[in-house]
Amino acid sequence: SGEDLTTLAHRMLSLPDPGSKWADIEWLRGVWQGPLILKGVLHPKDAAEAVAHGVDGVIVSNHGGRQLDGAASALDALPGVAEAAAGRTTVLLDGGIRRGSHVVKALALGADAVCFGRATRWGLGAFGEPGAQKVLEILNAELKQAMAAAGVKSIAEIDRSIVKTNFP
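Residues numbered from 1 in each chain as written. Predicted model: local features only at pLDDT ≥ 70, side-chain atom pairs only at ≥ 80, totals over all residues. Heavy atoms only, no water.

**Q** Would you mind going over the overall build of the chain in detail, with residue names and values included?
**A** A count of helical and extended segments in the chain gives 6 helices and 4 strands. Along the chain, from the amino end to the carboxyl end, the secondary structure elements read α-α-β-α-β-α-β-α-β-α. Here the chain, with 168 residues, has 35% of them falling under the buried criterion. Considering only intrachain contacts with a sequence separation of at least 6, the fraction spanning at least 24 residues in the chain is 45%. Split by element, the accessible area of the chain, about 10,100 Å² in all, is 57% carbon and sulfur. (Helix = DSSP H or I, 4+ residues; strand = E, 2+ residues; numbered from the N terminus. Buried < 20%, exposed > 50% of the residue type's maximum accessible area, 1.4 Å probe, protein only. Contact = heavy atoms within 4.5 Å. Areas by Shrake-Rupley, 256 points an atom, 1.4 Å probe, with all protein chains shown as cover.)

Below you can see the structure in the form of structure tokens.
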């Protein structure tokens with residue numbers, strides 16, 4: 001592609017863009033040697049393509065459902081994306097993380113980590129930095145409580161066996 005970095009960044013930031021293509025990621029990987037994380041991955045084939053194009057991580061996200069009405073929820077998409085990534089890239093989950101138990105579910109379904117910016121922004125908006133810190137403390141306490149309820153002592157012990165995904 002003959003685009004410069006500024007032009008490509010502008011086009012990518014104004015998604016959805018039907019002109020975006022995997023070659024854009026390949027080009028970006030060629031000019032950017034730092035960590036490259038692709039957000040908005042909801043399909044296993046896209047996760048596999050992202051890995052093939054050298055990304056360091058994918059963020060499973062439907063952008064809060066604002067991009068496409070009726071898009072799959074990030075949590076529903078997570079297991080397929082994690083399976084397709086198969087440990088070859090970091091998988092993050094963005095969206096819907098409001099409690100410590102949500103963190104446990106995401107980790108059990110294949111996320112390596114979660115993003116929870118909205119919750120910390122609420123705390124920051126209400127009480128400044130101490131409010132954001134308090135939100136993190138609450139999430140950490142809830143995470144420990146959910147892990148205890150699931151019978152696991154460490155993050156490493158969390159696996160798919162602690163969540164039920166197929167309901168009758």
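**Q** Go over the nonpolar core with me, naming the residues and quoting the values.
**A** Ranked by internal contacts, the top residues of the largest apolar core, which has 33 residues, are Val55, Val58, Val60, Leu78, Leu93, Ala106 and Ile158. Where this core is concerned, the elements lending two or more residues are helix H2 (22-31), helix H3 (44-52), strand E2 (57-60), helix H4 (74-85), strand E3 (90-94), helix H5 (100-108) and helix H6 (117-150). Sorting elements by how many residues they give to this core places H4 first, with 6 residues. Not counting chain neighbours up to four residues away, the residues in contact with Val55 comprise Ile25, Leu36, Leu38, Ala50 and Thr89. (Core = buried A, V, L, I, M, F, W, Y, C linked by side-chain atoms within 4.5 Å.)

**Q** Pulling in residues and values, what's your account of the pattern of salt bridges?
**A** Scanning all chains against the criterion turns up 4 salt bridges. With a closest N to O distance of 3.5 Å, Glu142 and Arg99 form a salt bridge. One end of the pair, Glu142, is in helix H6; the other, Arg99, is in the loop between E3 and H5, and 43 residues separate them in sequence. (Salt bridge = Lys/Arg side-chain N within 4 Å of Asp/Glu carboxyl O.)

**Q** Could you give me a rundown of the sheet that holds E2, with the residues and numbers involved?
**A** Reading across from one edge, E1-E2-E3-E4 is the order of the 4 strands in this open sheet, with parallel pairing throughout. Each edge of the sheet is formed by a strand with only one pairing partner; in this case those strands are strand E1 (37-39) and strand E4 (113-115). Sheet twist, expressed as the average angle between the axes of neighbouring strands with direction ignored, equals 25°. By the bridge criterion, 4 bridges tie E2 to E3 in an arrangement that is parallel. Along E3, the bridge assignment pairs Val58 with Val91. Each of E2 and E3 touches H4; the most contacted strand, E3, lies at about 175° to it. (Pairing = 2+ DSSP bridges. Axes fitted to C-alpha atoms, helices over the stretch in contact; angles between N-to-C directions.)

**Q** Now, about H4: what can you tell me, with residues and values included?
**A** Burial in H4 covers these residues: Ala74, Ala77, Leu78, Pro79, Val81, Ala82, Ala84 and Ala85. Tucked into the core, H4 has its buried residues touching H3, E2, E3 and H5. Two residues or fewer past H4, Ala86 is found with a positive phi of approximately 50°.

**Q** If you had to explain the pairing of E2 to someone new, which residues and values would you point to?
**A** Judged by which residues are buried, E2 turns out to be covered on both faces: Gly57 and Ile59 on one side and Val58 and Val60 on the other are all buried. Here E1 runs beside E2; their pairing, made up of 3 bridges, is parallel. Following the sheet pairing, Ile37 is matched in E2 by Gly57. Note that the unit made of E1, H3 and E2 has a crossover that is right-handed. (Right-handed = clockwise from strand over helix to strand, strands pointing away.)

**Q** For the pairing of E3, give the residues involved together with the corresponding values.
**A** Pairing geometry for E3 and E4, over 3 bridges, is parallel. From the neighbouring strand, Leu93 faces E4, where its bridge partner is Val114. With respect to chirality, the unit in which E3 leads through H5 into the neighbouring parallel E4 is right-handed.

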